[in-house]
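# Architecture and fold: a report
So the chains spell out like this:
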Amino acid sequence: MSIEELSNKGIDSFVNNFVSFISKKAPEFCIAQYKKHEMKLNKGLPEYIKANYQRCAYVRTLLKRDRPTELDKIYEPLQFKIDDDILKEDEIKSSISTNLHRTIISGYAGNGKTIFLKKIYKELIDSQVNFYPIFFELRNISSGTQTLLDCIYESIVTYSDSFTQKQFTYGLKKGLFYFLIDGLDEVSDSQQSNIQEEIIKLTLKYPYCPFVVTSRPNEFTTWENFHVAHLLPFDYRQCQSYITKIDFIEERKTEFLEFLTEDEFEEHKEFLSNPLLASMMLLTFDEYGDIPAKRHIFYEKCFQVLIKEHDASKGRFHRPLKSKLSHEELEKVFMYFCAMTYQKQEYSFTLQQVDKYINSALKIVNLDSICKKNDIRYDFVHSVSLLLQDSNYFEFIHRSFQEYFFAKLIVNDRKYELENKLDNIDSLFSIEKFNLFAMIEDMDHDYFETEYVLKKLKVLNEYFESIDVENEPEKIFEQFADSLNINLFSSHNDNFIFSIYLYPLSKLSMHKNKKELNYFILSKVDDIYGNLIFNYSINLSRNDILKVRSKYDSCIERTMKSKDNTYEGMIIRLDRKILIELKCTKYAQYIKKRLNNYYNDILSRTKKQRSIMDKEIFKN
């Protein structure tokens, strides 16, 4: 019996058991309605179940792109964290189904959120449980006036128009559906709040239906009736187990696993703790025999491996891309595709959207007259596997590739000034865009430092020159943050040492981008000179502290204290009087001096480098 026949047999058994369960749960309804053949809940359900079972029972992997892989053969159980508790996958699933918990699965791209939902869907069918699973991807929601519930109903009717709205409503009220809602973070900003509100209302209106929603990490403070389960990255054991399971040449897997000691895993955890990137790491190790230390080198090697995989099936003969472009030309088109979509904050696309961005990218590189956008699309999906396709929807194999290729474009393109390019990226120094920014700096440190940092430092230093630090210390600090965080550690002589560092920026800051930039520059100064952000200390007695607190109580936003009294802290406003009282003028003066030193250091290094180049290379 084939896998498909086994699957169909299991689905048929599920439907029969499911209908039997409904009959026991509401006999007065079922007897009357079934006899009249007006509302058979099994009418239309098998088609939907079969279609989604096939989607969830098989996945396409990076290592086997031309044929689907059975999910069960490569699936590695996950771990989750709720508050301070570490929970295994079975504990999470049991909690959802038995206690009817509403759960948000929070995790980064590529960590396995969607695969986890597919696993639940398949297990609900295989285990003959008394729920009817509904798997819905929020990226498929229409942008019109339809409600989420309408869209979910239409996704069922797509497979069988005999399934009625009455059946759907009845199942909701009786708690017969188990909702698996995927990709909250893929909903557009304009729809985000409405979708969130509707999901919360649905869980209140239909309290007997379990709900699981996946999303990238976010603030879920308004989701009061939901548990938030944070999907943990692979640990060393999980990574080894996953590599062992995936379909690849056994000898090569063994070599990789021998190389992958616990120390190596810790050093490269960023890549190896993610299932998809772990597969990429195996491919690059197979090709190069090592693991790159820097992110951008890893992604560069990944691209080269994907290109080579495309050619490999034709032996030593070069296999042309469908677009007939060179590898370099295709990469350039993809870089512009990534740049445009990143700036628009778009990560998954319809067929029309993909073609629109490809067409724009082709025009930028002057290839629109010789290339068809559908050929480029084919190459993105099939030749180099940088985009994944599911019906008429597309998404990046991993969002970090979008970041990498945009960063590479920024560094490679010298038509526009770097300052102009970076200033047009919103919240460049935010946590969300840290990887993009770090790759830009890492790809060409000298270019970044001389064409961006140096120019920003010049403006900052010129402003600081006009400030009387002794009498206006707040004008120094306000360029970096909205508040100061002061830590007090008890010492043996009962004095306290102030370790002053700039408090994280307020979300309401009027000039957040500018302050984020300045704070980044200050952190670079601290890396070079030290004792600036986190370790600058002033000795003050306990009495001094008490006097300041009493005198300037209105300027203290918040205080903190450890249980053993070894640590105290307070967050203060940038008020001139309290800053002077706490001797923060010395700190402000120190910041001003070090920023000026940093500017002159870069300038000196740049002049020296150019002088040697002129003399030794270009003979000027």
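So, a few notes on the structure that sits alongside this text. (Residues numbered from 1 in each chain as written. Predicted model: local features only at pLDDT ≥ 70, side-chain atom pairs only at ≥ 80, totals over all residues. Heavy atoms only, no water.)

### A short note on the overall build of the protein
- The helix and strand tally for the protein stands at 27 helices and 17 strands.
- Within the span of the protein, comprising 620 residues, buried residues form 50% of the whole.
- Put simply, 69% of the contacts in the protein that link residues at least 6 apart link residues at least 24 apart.
- Accessible surface, the protein: about 31200 Å² in total, of which carbon and sulfur atoms supply 48%. (Helix = DSSP H or I, 4+ residues; strand = E, 2+ residues; numbered from the N terminus. Buried < 20%, exposed > 50% of the residue type's maximum accessible area, 1.4 Å probe, protein only. Contact = heavy atoms within 4.5 Å. Areas by Shrake-Rupley, 256 points an atom, 1.4 Å probe, with all protein chains shown as cover.)

### Description of helix 17 (residues 351-364)
- The end-to-end C-alpha distance of helix 17 is 20 Å, a good match for the 20 Å that 14 residues give at a rise of 1.5 Å each.
- When helix 17 is considered as a whole, its buried residues turn out to be Val354, Asp355, Tyr357, Ile358, Ala361 and Leu362. Down the axis of helix 17, the buried set is contained in an arc of 165°. They therefore lie on one face.
- On the buried face of helix 17, the contacting elements are helix 16 (327-343), strand 10 (348-350), helix 18 (373-383) and strand 12 (393-396).
- After helix 17 finishes, the residue Asn366 shows a positive phi value of roughly 60°. (Expected span 1.5 Å × (residues − 1). Arc of directions from axis to C-beta.)

### Focus on the pattern of salt bridges
- Under the criterion given, the structure shown has 34 salt bridges.
- Two residues, Lys119 and Asp72, come together in a salt bridge whose shortest N-O distance is 2.7 Å. You can see Lys119 sitting in helix 6 (residues 113-126) and its partner Asp72 sitting in helix 4 (residues 71-74), a full 47 residues away along the chain.
- A salt bridge links Glu581 to Lys551; the shortest N-O distance between them is 3.6 Å. Separated by 30 residues along the polypeptide, Glu581 in helix 26 (residues 576-581) and Lys551 in helix 25 (residues 542-551) bring together distant segments of the chain.
- The partly exposed category is assigned to Glu581, whose relative accessible area is 38%.
- Because the salt bridges share partners, they merge into one network encompassing Asp72, Glu89, Asp90, Lys93, Lys119, Lys122, Glu123 and Asp126. (Salt bridge = Lys/Arg side-chain N within 4 Å of Asp/Glu carboxyl O.)

### A few points about unusual backbone geometry
- Even without a glycine there, the phi angle at Lys324 is positive, about 70°.
- For Lys324, the location among the structural elements is in the loop between helix 15 (295-312) and helix 16.
- If you check the backbone angles, Lys583 has positive phi at about 60° while not being a glycine.
- The partly exposed category is assigned to Lys583, whose relative accessible area is 36%.

### As for the sheet that holds strand 7 (residues 177-182)
- Across the sheet, which stays open at both edges, the 7 strands sit in the order 4-3-9-5-8-7-6 with mixed pairing between neighbours. Of all the strands in the sheet, just strand 4 (85-88) and strand 6 (132-137) have a single pairing partner and so form its edges. The mean angle between the axes of side-by-side strands here comes to 25°, regardless of whether they run parallel or antiparallel.
- Sheet topology places strand 3 (residues 79-82) next to strand 4; 4 bridges connect them, and they run antiparallel. From the neighbouring strand, Ile82 faces strand 4, where its bridge partner is Asp85.
- Sitting on the sheet, helix 9 (residues 189-205) touches strand 5 (102-106), strand 7, strand 8 (211-215) and strand 9 (226-231), and the angle it makes with strand 8 is about 165°. (Pairing = 2+ DSSP bridges. Axes fitted to C-alpha atoms, helices over the stretch in contact; angles between N-to-C directions.)

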